[in-house]
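Structural features, examined
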Amino acid sequence: MRKAMALAVLVLIMPLLAGCWDRHEINELGYVTALGIDQTGEKVSLTAQVLKPTAARAGVIGEGGGRERTFWLVTAAGNTMEEAFRDLSKKSPRRLFLGHTRAVIFGRQAAEQGVSKALDFLTRNREMRHLVWLLVTSREAKDILAVQPELERVPARGAMGSNTIVQHFTSTIPAVRLNEFLRTAEGEGIEAILPRIEMEPPAGPKGVAPEDLNIRGSAVFRRDRLVGWLNDSETRGVLWVRGMVRHGVLPVLCPGHSGRWLALDLIRSKKSIKTRVEGDRVRFEVVITAESNLSESQCPEDIFTPEGLKELDRANAAAIEAEIASARKKAQEELQSDVFGLGQELFRQMPREWERLGPRWAEIFPTVAVDVKVKVKVRRTGYTNKPLKF
């Protein structure tokens, strides 16, 4: 009897043990490497950059004798993201798979009208990874996806490689993933920024040299809507206050010599913020501590004396203060968006004051006072201390 019952149980659970019921063969999938989201009238326009596996191999030649494009672009529109994506699927001979998507790019009009609806679709989709990179362009996103980078056969990989390199080596863009944007946009006392990606004019003759992509500066949001742009130095000014500057180069004029420059290579930095509140008046004291190495000098004489190095530290600090000041002025006076996260600092340090001021923070932020102090130390000067003389 026991054997019969055990056998019956095994027979009943066997259908549940099949691990391949939802399998999809590799040669049946169309791998979406990047998505572009635009606004077309009242509808959302979705563009998918789909990898062409055979063309992605090195040395594949197209019909005209040139290199064949490694991707296929397909666009569809709909009232919702899901409707547009289903319409994309009708145009593809393979099932479109989002598990390998590297980047999502928003066109300007779509970003200005709000990205929350698109992000709702992306976060609910079980294939989409929350580590996907987000970017914004001032033109239509589908134009960006049509560019084939020179050094990468997979365009999305090239764009994301540039995104990571620019952020790591210059700290002039914010590299932001989907989960990070959601955490910032839904948080209190801080607004989100995303890197800006644009098409670069061809370096050679038009029609011969291809266009390329350039990631520079940032797009500024207020909640989920694009409200403006920051250039490279303004973006780094924001990142200084956020404590996100790791590396970069600061050009500084030689003390006492206009037209001659020094290049200081940033190696590390940290920030601290103190908050004071008197009624509705809020004041922040931001202290930036940084270290740098000298990587180039055009100065005609030896400045590497004790007094010369102090002067160099002061010039370095003044350059950082200028970046923060320009970012603060634009964020407070023009964009009125707390991209620095000062409201978040108020919440952390004085939660009771934030409970009182938080609901009106959008009105209060443009009036807050920000005092910046920068402490910089030049650590190393390279293999030589003296300028070259010819």
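Source: prediction; values computed, not measured.

What counts, and at which threshold
- Residues numbered from 1 in each chain as written.
- Predicted model: local features only at pLDDT ≥ 70, side-chain atom pairs only at ≥ 80, totals over all residues.
- Heavy atoms only, no water.
- Helix = DSSP H or I, 4+ residues; strand = E, 2+ residues; numbered from the N terminus.
- Buried < 20%, exposed > 50% of the residue type's maximum accessible area, 1.4 Å probe, protein only.
- Contact = heavy atoms within 4.5 Å.
- Areas by Shrake-Rupley, 256 points an atom, 1.4 Å probe, with all protein chains shown as cover.
- Disulfide = S-S within 2.5 Å.
- Pairing = 2+ DSSP bridges.
- Axes fitted to C-alpha atoms, helices over the stretch in contact; angles between N-to-C directions.
- Arc of directions from axis to C-beta.
- Core = buried A, V, L, I, M, F, W, Y, C linked by side-chain atoms within 4.5 Å.
- Polar contact = N/O pair within 3.5 Å; in protein donor to acceptor, adjacent residues only side chain to side chain.
- Parallel < 35°, antiparallel > 145°, perpendicular 65-115°, else oblique.
- Nonpolar A, V, L, I, M, F, W, Y, C, P; charged D, E, K, R; others polar.
- pLDDT = per-residue confidence, 0-100.

1. Things to note about the overall build of the protein
Helices and strands together make up the secondary structure of the protein, namely 12 helices and 13 strands. Looking at the protein as a whole, 46% of its 390 residues are labelled buried. Intrachain contacts of the protein at a sequence separation of at least 6 include 70% that bridge at least 24 residues. If you sum the accessible surface of the protein, you get close to 21,500 Å²; carbon and sulfur atoms cover 52% of it.

2. A look at unusual backbone geometry
For Arg223, which is not glycine, the phi torsion reads 60 degrees and is therefore positive. Mapping Arg223 onto the fold places it in the loop between strand 8 (212–222) and strand 9 (225–230). Note on Arg223: relative accessible area 38%, which makes it partly exposed. The backbone of Gln336 sits at a positive phi, close to 50 degrees, despite the residue not being glycine.

3. Some words on the state of the cysteines
All chains considered together, the criterion is met by 1 disulfide. Put simply, Cys254 and Cys299 are joined by a disulfide, and their sulfur atoms are 2.1 Å apart. Taking the torsion about the S-S bond as the criterion, the Cys254 to Cys299 disulfide, at about -100 degrees, is left-handed. Residue Cys254 is located in strand 10 (residues 248–254), and its partner Cys299 is located in the loop between strand 12 (281–297) and helix 9 (306–335); the two are separated by 45 residues in the primary sequence. Overall, Cys254 belongs to the buried group, its relative accessible area being 3%.

4. Quick notes on the sheet that holds strand 11 (residues 257–278)
Read from one edge of the open sheet, 4 strands run 10-11-12-13, paired in mixed fashion. In this open sheet, the two edge strands, each paired with only one partner strand, are strand 10 and strand 13 (369–380). Direction aside, neighbouring strands of the sheet carry axes that sit 35 degrees apart on average. In this structure, strand 11 lies alongside strand 12, joined through 16 bridges in antiparallel fashion. Bridge pairing in strand 12 places Val277 opposite Val282.

5. Quick word on helix 7 (residues 178–185)
Considered for burial, the residues of helix 7 that qualify are Leu178, Phe181, Leu182, Thr184 and Ala185. The buried residues of helix 7 all sit within an arc of 165 degrees when viewed along its axis, so they share a single face. Structurally, helix 7 contributes buried residues whose contacts are with helix 4 (116–124), strand 6 (133–136), strand 7 (193–200) and strand 8.

6. Overview of the nonpolar core
Within the largest apolar cluster, 48 residues are counted, with the highest numbers of intra-cluster contacts made by Phe340, Leu342, Trp361 and Val368. Ignoring sequence-local partners within four residues, the contact set of Val368 consists of Val282, Phe284, Gln332, Leu342 and Trp361.

7. Considerations on the environment of Asp38
Here Asp38 shows up in strand 1 (residues 29–40). On the basis of relative accessible area, Asp38 is assigned to the buried category, the value being 4%. Considering only alpha carbons, one finds Asp38 and Ala110, 72 residues apart in sequence, at a separation of 5.0 Å. Here Ala141 takes part through its backbone nitrogen, which lies 2.6 Å from a polar atom of the side chain of Asp38. A polar side-chain atom of Asp38 sits 3.3 Å from the main-chain amide nitrogen of Lys142.

8. As for the packing of helix 2 (residues 81–91) against helix 4
For the pair helix 2 and helix 4, interaxial distance at closest approach is 9 Å and the crossing angle is 60 degrees. By the angle between their directions, the pair helix 2 and helix 4 is classed as oblique. Only Lys117, Ala118 and Phe121 of helix 4 make contact with helix 2, whose side of the interface consists of Met81, Glu82 and Phe85. In terms of residue class, the contact of helix 2 with helix 4 is made up of 4 nonpolar, no polar and 2 charged.

9. Structural notes on the confidence of the model for the protein
Confidence in the prediction for the protein averages 86 pLDDT; 85% of positions are at 70 or higher. In the model, residues 59–65 has pLDDT below 50 throughout and makes 8 contacts with residues more than four positions away in sequence or in other chains.

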